[in-house]
Amino acid sequence: MNNGNIMEIKELKKGFDNGRIKALNGINLEIKKGEFVSIIGPSGSGKSTLLNMMGALDSADEGSILVAGKDLTHTKDLSEFRSKEIGFIFQLHNLIPNLSVLENVTIPMYGNGYNSKQMDVRAMNLLKYVNLQDKASRKPTELSGGERQRVAIARALVNKPSIILADEPTGSLDSKNGHMVLENLKELHEKENVTLIMVTHDMNVAAMAERTINVLDGKVQN
Ligand SMILES: Nc1ncnc2c1ncn2[C@@H]1O[C@H](COP(=O)(O)OP(=O)(O)OP(=O)(O)O)[C@@H](O)[C@H]1O
Ligand SMILES: [Mg+2]
């Protein structure tokens with residue numbers, strides 16, 4: 001992909017329930033490296049399914065998907081690809097409750113050749129970045145929803161991904177915390193040239209992106 005695209009999706013299809021549910025029904029999409037796009041669409045239209053495909057968390061039935069130069073339909077070891085290239089931020093941030101904030105951020109670094117000192121330093125720097133250095137030794141349950149989501153952002157960044165996939169990152173937050181999370185993501189995109197792909201149902205949030213992609217019935221609307 002020498003055309004500046006970090007993602008090329010052609011006629012991507014995905015069904016559930018032996019094909020009775022057509023979650024993705026021929027998605028065609030190109031995303032440029034460093035672009036910030038939002039994905040909007042009604043509930044059940046296929047947004048999360050699409051995001052999962054982009055992050056190699058699920059495989060397609062038909063069509064092709066190229067991400068960061070890799071053809072995901074024909075790649076065997078997707079976990080290595082995922083850990084190197086993708087940072088995921090889920091709506092329910094999936095932090096591990098009995099580990100500290102710092103430990104939660106270091107987890108994706110295991111197995112990537114860092115020693116524990118290096119992991120702690122990197123994790124601490126990222127916690128500073130999301131303004132949570134004071135909470136490093138706390139447990140996630142002791143944090144507010146917005147703080148937890150910022151921990152999830154720090155964790156998503158820890159392996160320096162080229163792509164951040166965020167599924168309704170502000171969906172469970174009040175407007176103040178949601179705003180902080182969005183500012184963190186936007187700054188990341190602007191300063192580090194990270195490709196940011198964000199699902200949202202909030203039109204105001206979607207408008208922050210450089211481009212909005214409308215998904216309806218498993219297809220991209222024009
Ligand atoms: N694991 C699954 N098994 C069966 N059906 C599924 C599965 N995951 C998604 N679906 C179905 O696929 C369709 C698309 O779901 P998806 O989660 O992608 O929607 P969405 O656009 O993210 O919706 P929302 O805005 O509510 O999060 C829906 O009809 C959903 O019920
Ligand atoms: Mg969804």
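As a starting point, this report considers the structure included with it. (Residues numbered from 1 in each chain as written. Chains lettered and ligands numbered in written order. Predicted model: local features only at pLDDT ≥ 70, side-chain atom pairs only at ≥ 80, totals over all residues. Heavy atoms only, no water.)

**Observations concerning the overall build of the protein**
Our working rule: Counting from the N terminus, the helices are DSSP H or I runs at least four residues long and the strands are E runs at least two residues long. Values of the radius of gyration come from C-alpha atoms, whereas the globule rule sets the reference at 2.2 Å times the count of residues to the power 0.38. The cut-offs for exposure are 20% and 50% of the maximum accessible area for each residue type, with area from a 1.4 Å probe on protein chains only; residues under the lower value are buried, those over the upper are exposed, and the others partly exposed. Two residues form a contact once any of their heavy atoms are found within 4.5 Å. For the accessible areas, the method is Shrake-Rupley and the probe is 1.4 Å, while residue cover comes only from the protein chains on display. Charged residues are defined narrowly, with Lys and Arg counted positive, Asp and Glu counted negative, and His plus the chain ends left uncounted. Charge placement uses NZ in Lys and CZ in Arg. For Asp and Glu, CG and CD serve respectively.
Helix and strand counts for the protein come out as 7 helices and 10 strands. Here the C-alpha atoms of the protein give a radius of gyration of 17 Å, agreeing with the 17 Å that 2.2 N^0.38 yields for 222 residues. Each principal axis of the C-alpha distribution contributes one length, and for the protein these read about 45 × 40 × 35 Å. Out of the 222 residues belonging to the protein, those deemed buried represent 48%. The contacts of the protein with a sequence gap of at least 6 include a subset with a gap of at least 24, amounting to 71%. As displayed, the protein offers around 11100 Å² of accessible surface, 46% of which is attributable to carbon and sulfur atoms. The average position of the 27 basic charges and that of the 27 acidic charges among the side chains of the protein differ by 3 Å.

**A few points about the layout of surface pockets**
For the record, the criterion: Definitions used for this entry: grid spacing 1 Å over protein atoms alone; cavity, a set of points where a 1.4 Å probe fits but cannot get out; pocket, an open set with protein on both sides within 12 Å along at least 5 of 7 lines; lining residue, one with an atom within 4 Å of a point. Grid points are joined across faces, edges and corners, and a volume is the space filled by probe spheres set on the points. In this count, Pro and Cys sit with the nonpolar residues alongside Ala, Val, Leu, Ile, Met, Phe, Trp and Tyr, while Asp, Glu, Lys and Arg are called charged and the others, Gly among them, polar.
Volume-wise, the largest pocket comes out at about 380 Å³. As for the largest pocket, its lining consists of 16 residues, and the residues nearest its centre are Ile-86, Gly-87, Phe-88, Pro-108 and Arg-155. Breaking the lining of the largest pocket down by element, the ones donating at least two residues are helix 2 (78-85), strand 6 (86-89) and helix 5 (145-157). A per-class count over the lining of the largest pocket returns 8 nonpolar, 6 polar and 2 charged.

**A closer look at the site of ligand 1**
The following threshold applies: For each residue, the test is whether any non-hydrogen atom lies within 4 Å of the molecule or strand; if one does, the residue is near. Any N or O atom pair separated by 3.5 Å or less is treated as a polar contact, with the protein-specific requirement of one donor-capable and one acceptor-capable atom, and with residues adjacent in sequence counted only for side-chain atom pairs.
Every residue near ligand 1 is listed here: Phe-16, Ile-21, Ala-23, Pro-42, Ser-43, Gly-44, Ser-45, Gly-46, Lys-47, Ser-48 and Thr-49. For ligand 1, an oxygen atom lies 2.6 Å from a polar atom in the side chain of Ser-43. Between ligand 1 and Thr-49 there is a distance of 2.6 Å, counted from an oxygen atom to a side-chain nitrogen or oxygen. Compared with its free state, where it exposes 640 Å², ligand 1 has 58% of that area covered by protein.

**Points about the sheet that holds strand 2 (residues 21-32)**
Selection criterion: Following DSSP output, two strands are said to pair if at least two bridges run between them.
Spatial ordering of the open sheet is given by 2-1-4-5, a layout of 4 strands whose pairing is antiparallel. Single-partner strands in this sheet number two, and they are strand 2 and strand 5 (70-71). The pairing of strand 1 (residues 5-16) with strand 4 (residues 62-67) spans 5 bridges and is antiparallel. Residue pairing in the sheet places Lys-10 in a bridge with Ser-64 of strand 4.

**Overview of a nonpolar patch on the surface**
Stated precisely, the cut-off is as follows: Residues enter a patch when their relative accessible area is above 30% and they make no salt bridge; the linking distance is 9 Å between like charges and 5 Å between nonpolar side chains (Val, Leu, Ile, Met, Phe, Trp, Tyr). Salt bridges, as used here, are contacts in which a Lys or Arg side-chain nitrogen is within 4 Å of a carboxyl oxygen on Asp or Glu.
Taken together, the side chains of Ile-96, Ile-107 and Tyr-110 make up a nonpolar region of the molecular surface, amounting to roughly 280 Å² of accessible area. Locating Tyr-110 in the fold gives a position in the loop between helix 3 (101-106) and helix 4 (116-129).

**Some words on helix 1 (residues 47-54)**
Among the 8 residues of helix 1, 6 are classified as buried, and the element is accordingly described as predominantly covered. Those residues of helix 1 lying buried are Lys-47, Thr-49, Leu-50, Leu-51, Met-53 and Met-54. Positioned one or two residues after helix 1, Ala-56 has a phi angle of 60°, which is positive.

**Regarding the environment of Leu-216**
Relative to the assigned elements, Leu-216 resides in strand 9 (residues 211-216). Not counting the four nearest positions on each side in its chain, Leu-216 is found in contact with Pro-42, Ser-45 and Gln-221.

On their own, these measurements won't tell you what the molecule is for.
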